[in-house]
Amino acid sequence: MYTKCCFTFNKISYNNYKCLKGNKASLSCNVLELLRNFKPYSTESGHQMERKIKTVLVDLSGTIHIENEEIAGSLDALKRQDLMTELRKSNLNIKFVTNTTKESQKLLLQRLRRIGFSIESSEIFTSLTAAVKLIKRKSLRPFLLVDDRALEDFEGIDTKSPNAVVVGLAPEKFEYGKLNQAFRLLIDGAALIAIHKARYYKTAAGLSLGPGPFVTGLEYAADCKAEVVGKPERTFFLSAVEEFNCLPEECVMIGDDVRDDINGAQNCGMLGILVQTGKYRPEDEEKINPKPYLTVKDFPEAVDKILSQKYS
């Protein structure tokens, strides 16, 4: 059962932050100390839970960047008090989780670093990673409907005589010939694996169709059901944090997709903070039940809300 939670912080550290907040250049509040003291409590019981937040999950595309541009303020939010460096030294974990399938993890990391984000490969968990794990575990030979830039992540996977169809975001592959080839494999018994089923995503040119409509079309035509490996699947979120030895209740997810990011995380028992950037549309927060724990303007405000304890 979902229980709405709030956060508390060390008062002295918070006051330090509040006094310095107006001076960006000299901002020296101990962000990590605040986050280490970041505890949920039940609004039903009024009593603070014993567990602290141990892991912060952050969506990428639409939350901190769109294609080759940062979303305003995201770099500064991550650089506060050299946050990334300190997080790596602390017991507080951060993982960037993404359904991006347009490029391999290596190419994605290169893109993020060109934008200016100081992120390590080990701090990224993608739906491509989850798909490869599933393929290997089930000894599948996939027909890959994925972007050519993502094929690097499937190196070493046997694709001869396919017994599965794997679908990611592949605009250049979503044409009749390829989709019909996938359909024929499916009606002959091949498994359908959806790396994710997002309805749409945000690009510099505007909202664009995601892989979800194409996966649904294949399901309808072949009278089958896809196994989804990315967000919002519970297994994706749990796999993303399994290395940290923490419970879902000790995690918070920040993202722009109310269904895949927020609803998926909250269905696992995590907290969800929805940002009004990327693919967000007005009143998205009304589309799920329970609603997002918090809805904020952007990623920097999500950080500010946590630090300032202002929830209205």
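The structure contained in this document is the topic of the report that follows.

Cut-offs used in this document
Residues numbered from 1 in each chain as written. Predicted model: local features only at pLDDT ≥ 70, side-chain atom pairs only at ≥ 80, totals over all residues. Heavy atoms only, no water. Pairing = 2+ DSSP bridges. Helix = DSSP H or I, 4+ residues; strand = E, 2+ residues; numbered from the N terminus. Axes fitted to C-alpha atoms, helices over the stretch in contact; angles between N-to-C directions. Contact = heavy atoms within 4.5 Å. Parallel < 35°, antiparallel > 145°, perpendicular 65-115°, else oblique. Left-handed = near helix turned anticlockwise from the far one by under 90°. Nonpolar A, V, L, I, M, F, W, Y, C, P; charged D, E, K, R; others polar. Buried < 20%, exposed > 50% of the residue type's maximum accessible area, 1.4 Å probe, protein only. Arc of directions from axis to C-beta. Phe/Tyr/Trp six-rings, centres within 6.5 Å; stacked < 30°, edge-to-face > 60°. Lys NZ or Arg CZ within 6 Å of the ring centre and 35° of its normal.

## Points about the sheet that holds strand E7 (residues 124-126)
Taken in spatial order, the six strands of this open sheet run E7-E6-E3-E14-E15-E16, and their pairing is parallel. A single partner strand is all that each edge strand has here, and the edge strands are E7 and strand E16 (294-296). Neighbour-to-neighbour, the strand axes of the sheet open up by a mean angle of 20 degrees, direction not taken into account. Taken together, the five bridges between strand E3 (residues 55-59) and strand E6 (residues 93-98) define a ladder with parallel strand orientation. Note on E6: the bridge partner recorded for aspartate 59 is valine 97. Sitting on the sheet, helix H5 (residues 105-115) touches E6 and E7, and the angle it makes with E7 is about 135 degrees.

## Points about the packing of helix H7 (residues 176-187) against helix H8 (residues 212-222)
Two quantities define a packed helix pair, namely the angle between the helix axes and the distance between the axes. For the pair H7 and H8, interaxial distance at closest approach is 10 Å and the crossing angle is 45 degrees. Comparing their axes, H8 and H7 come out oblique. Here H7 runs over H8; the crossing is right-handed. For the pair H7 and H8, contact is made by Leu179, Ala182, Phe183, Leu186 and Ile187 and by Phe214, Leu218, Ala221 and Ala222, respectively. A breakdown of the residues in the contact of H7 with H8 according to their chemical character gives nine nonpolar, no polar and no charged.

## A closer look at H5
Taken residue by residue, H5 has Gln105, Leu108, Leu109, Arg111, Leu112 and Ile115 as its buried positions. For H5, the arc enclosing every buried residue in end-on projection is 160 degrees, short of the 170-degree limit, so these residues lie on one face. Just downstream of H5 lies glycine 116, where phi reads positive at about 125 degrees.

## Some words on the packing of aromatic side chains
According to the stated counting rule, one finds three aromatic pairs in the structure shown. For the pair phenylalanine 125 and phenylalanine 236, a centre-to-centre distance of 5.1 Å together with 55 degrees between the ring planes defines the contact as tilted. In this pair, phenylalanine 125 sits in strand E7 while phenylalanine 236 sits in helix H9 (residues 234-241), placing the two residues 111 residues apart along the sequence. The same class applies to phenylalanine 125 as to phenylalanine 236, namely buried. Centroid distance phenylalanine 236 to phenylalanine 237: 5.8 Å. Interplanar angle 90 degrees. Geometry classified as edge-to-face. There is no split in this pair, since phenylalanine 236 and phenylalanine 237 are both buried. Cation over ring: lysine 279 sits above tyrosine 200, and NZ or CZ is 5.0 Å from the ring centre.

## Description of the pairing of E3
Taking burial as the measure, the five residues of E3 include five buried ones, the bulk of the element. Residues Thr55, Leu57 and Asp59 point to one face of E3 and Val56 and Val58 to the other, with burial holding for every one of them. Pairing geometry for E3 and strand E14 (residues 251-255), over four bridges, is parallel. What sits directly across from valine 58, in E14, is isoleucine 254.

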